[in-house]
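A look at the structure
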Amino acid sequence: MAASEQKTVLQFPPSFSSTLSAKVHPLVIFNICDCYVRRPDQAERVIGTLLGSVLPDGTVDIRNSYAVPHNESSGQVALDIDYHHNLLLSHQKVNPKEVIVGWYSTGLGVTGGSALIHEFYSREVPNPIHLTVDTGFRNGEGTIKAYVSVNLSLGDRPLAAQFQEVPLDLRMVEAERIGFDVLKSTMVDKIPSDLEGMEISMQRLLALIDDVYKYVDDVVEGHTAPDNNIGRFISDTVASLPKLSPPAFDKLVNDNVQDHLLLLYLSSITRTQLSLAEKLNTAAQIL
């Protein structure tokens, strides 16, 4: 006679992480890195609150952040909750549409104390996003990931929480991209000037044009299967370019460069005048 056995099964609840995604603005990354540089000497990492909104398609749009003082010892984490709430009220007076969407921490991946902090933010907002930023920029790359927490249960008994990674979109305009590239370089002599930034942008543009040329040649020669969507995109891009002769284009670029140099010259004169005025004012007070 076969005896029926009851087995306890580890249950995974229906996960929304497969459909959830997040989008983070570069300002948030720059702010986190700045807070990490200014952290107390004894602090190994920085923890803070993420602000933003949830878009109609369900994407979590992370637009702002602020650091929250904390203490960590023996696997325990203590957040300054009063500071967190006061700063949140100050932010919402300026941007009332920005609400708490999650929290961040510096370092690689999820740590042991992350579950405790995530539990606190789960009381602040349902399904918070946990953003991790590798401020060490190992190998010249900044690892930025987003997670959500999913509860695990053994039968009917809650067992633990599991962090699952969700898609993260980090979109930048060209000026932000240049700043982010400089930020990833842990050893830099100086911040690139506007002209150097323009040169870097043109080099990247030429590299993209070379990739497009290579793709078109491979399709024409039959080495690569054609993609109608890519073809339409290339066609629309080419059609959007103004029809200028090479001399007219050169004149347009040179005029813009001269205008830019004039602005740099005027700003340099202004700085010199302010410096002289400050020294004269100091000398007058001494006399």
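Residues numbered from 1 in each chain as written. Predicted model: local features only at pLDDT ≥ 70, side-chain atom pairs only at ≥ 80, totals over all residues. Heavy atoms only, no water.

Moving on, we come to helix α3 (residues 114-124). Helical geometry: 3.6 residues make up each α-helical turn, so side chains three or four residues apart lie on a common side. Within α3, the full set of buried residues consists of Ser 114, Ile 117, His 118, Phe 120 and Tyr 121. One side of α3 holds all its buried residues, which, seen down the axis, span an arc of 155°. (Buried < 20%, exposed > 50% of the residue type's maximum accessible area, 1.4 Å probe, protein only. Helix = DSSP H or I, 4+ residues; strand = E, 2+ residues; numbered from the N terminus. Arc of directions from axis to C-beta.)

We now examine the nonpolar core. Counting residues in each nonpolar core, the largest one holds 23 residues, and the members touching the most others are Ile 29, Leu 50, Val 60, Ile 62, Tyr 104, Ile 129 and Leu 131. Elements represented by at least two residues in this core include exactly β2 (22-24), α1 (26-37), β4 (60-67), β7 (99-106), β8 (129-133) and β9 (144-154). Sequence-distant contacts of Ile 29, defined by excluding residues within four places in its chain, comprise Val 24, Val 133, Ile 144, Leu 170 and Phe 180. If you look at the next biggest cluster of nonpolar residues, it comprises twelve residues, including Ile 47, Tyr 66, Leu 88 and Trp 103. (Core = buried A, V, L, I, M, F, W, Y, C linked by side-chain atoms within 4.5 Å. Contact = heavy atoms within 4.5 Å.)

Another point: the environment of Thr 135. Position of Thr 135 relative to the elements: it lies in the loop between β8 and β9. The exposure class assigned to Thr 135 is buried, which follows from its relative accessible area of 14%. Through-space distance from the C-alpha of Thr 135 to that of Gly 107 is 6.5 Å; in sequence the pair is 28 residues apart. Residues in contact with Thr 135, not counting those within four places in the same chain, are Cys 33, Tyr 36 and Thr 106.

As a further point, take the packing of aromatic side chains. Using the criterion set out here, one finds two aromatic pairs in the structure. Judged by centre distance (6.1 Å) and plane angle (10°), the rings of Trp 103 and Tyr 121 are stacked. With a gap of 18 residues between them, Trp 103 in strand β7 and Tyr 121 in helix α3 connect regions that are remote in the sequence. With a relative accessible area of 0%, Tyr 121 lands in the buried category. Plain terms: the ring middles of Phe 120 and Tyr 121 are 5.1 Å apart, the flat faces sit at 80° to each other, and that makes the pair edge-to-face. (Phe/Tyr/Trp six-rings, centres within 6.5 Å; stacked < 30°, edge-to-face > 60°.)

All right, on to the packing of helix α2 (residues 81-94) against α3 then. Running from N to C, α2 and α3 cross one another at 40°; their axes reach a closest spacing of 14 Å. What the angle tells us is that α2 and α3 run oblique. Classified by chirality, the crossing of α3 by α2 is right-handed. Residue-level contacts link Ile 81, His 84 and His 85 of α2 to Phe 120, Tyr 121 and Glu 124 of α3. Class assignment of the residues belonging to the contact of α2 with α3 gives a composition of three nonpolar, two polar and one charged. (Axes fitted to C-alpha atoms, helices over the stretch in contact; angles between N-to-C directions. Parallel < 35°, antiparallel > 145°, perpendicular 65-115°, else oblique. Left-handed = near helix turned anticlockwise from the far one by under 90°. Nonpolar A, V, L, I, M, F, W, Y, C, P; charged D, E, K, R; others polar.)

Another aspect to go through is unusual backbone geometry. The phi dihedral of Asn 127 falls on the positive side, at around 50°, and the residue is not glycine. Topologically, Asn 127 is positioned in the loop between α3 and β8. The partly exposed category is assigned to Asn 127, whose relative accessible area is 48%.

Attention now goes to the side chain of His 130. Along the chain, the position of His 130 falls in strand β8. For His 130, a relative accessible area of 0% corresponds to the buried category. Filtering out sequence-adjacent residues up to four positions away, His 130 remains in contact with Trp 103, Tyr 104, Ser 105, Val 110, Ser 114, His 118, Lys 145, Ala 146, Tyr 147 and Phe 163.

The end-to-end C-alpha distance of α1, which contains twelve residues, comes to 17 Å, matching closely the 16 Å that a straight helix rising 1.5 Å per residue would cover. Pro 26, Val 28, Ile 29, Ile 32, Cys 33 and Cys 35 are the residues of α1 that are buried. (Expected span 1.5 Å × (residues − 1).)

Our focus in this paragraph is a nonpolar patch on the surface. On the surface, Met 198, Met 202, Leu 205, Leu 206, Ile 209 and Tyr 213 cluster together to form a nonpolar patch covering roughly 590 Å² of accessible area. Following the sequence through the fold, Tyr 213 ends up in helix α5 (residues 194-220). (Patch = residues over 30% accessible without salt bridge, like charges linked within 9 Å, V, L, I, M, F, W, Y side chains within 5 Å. Areas by Shrake-Rupley, 256 points an atom, 1.4 Å probe, with all protein chains shown as cover. Salt bridge = Lys/Arg side-chain N within 4 Å of Asp/Glu carboxyl O.)

All right, on to the environment of Tyr 83 then. Summarising the element assignment, Tyr 83 is placed in helix α2. Along the chain, Tyr 83 and Pro 69 lie 14 residues apart, while their C-alpha atoms are 7.7 Å from each other. Other than its neighbours up to four places away in sequence, Tyr 83 contacts Ala 67, Val 68 and Pro 69.

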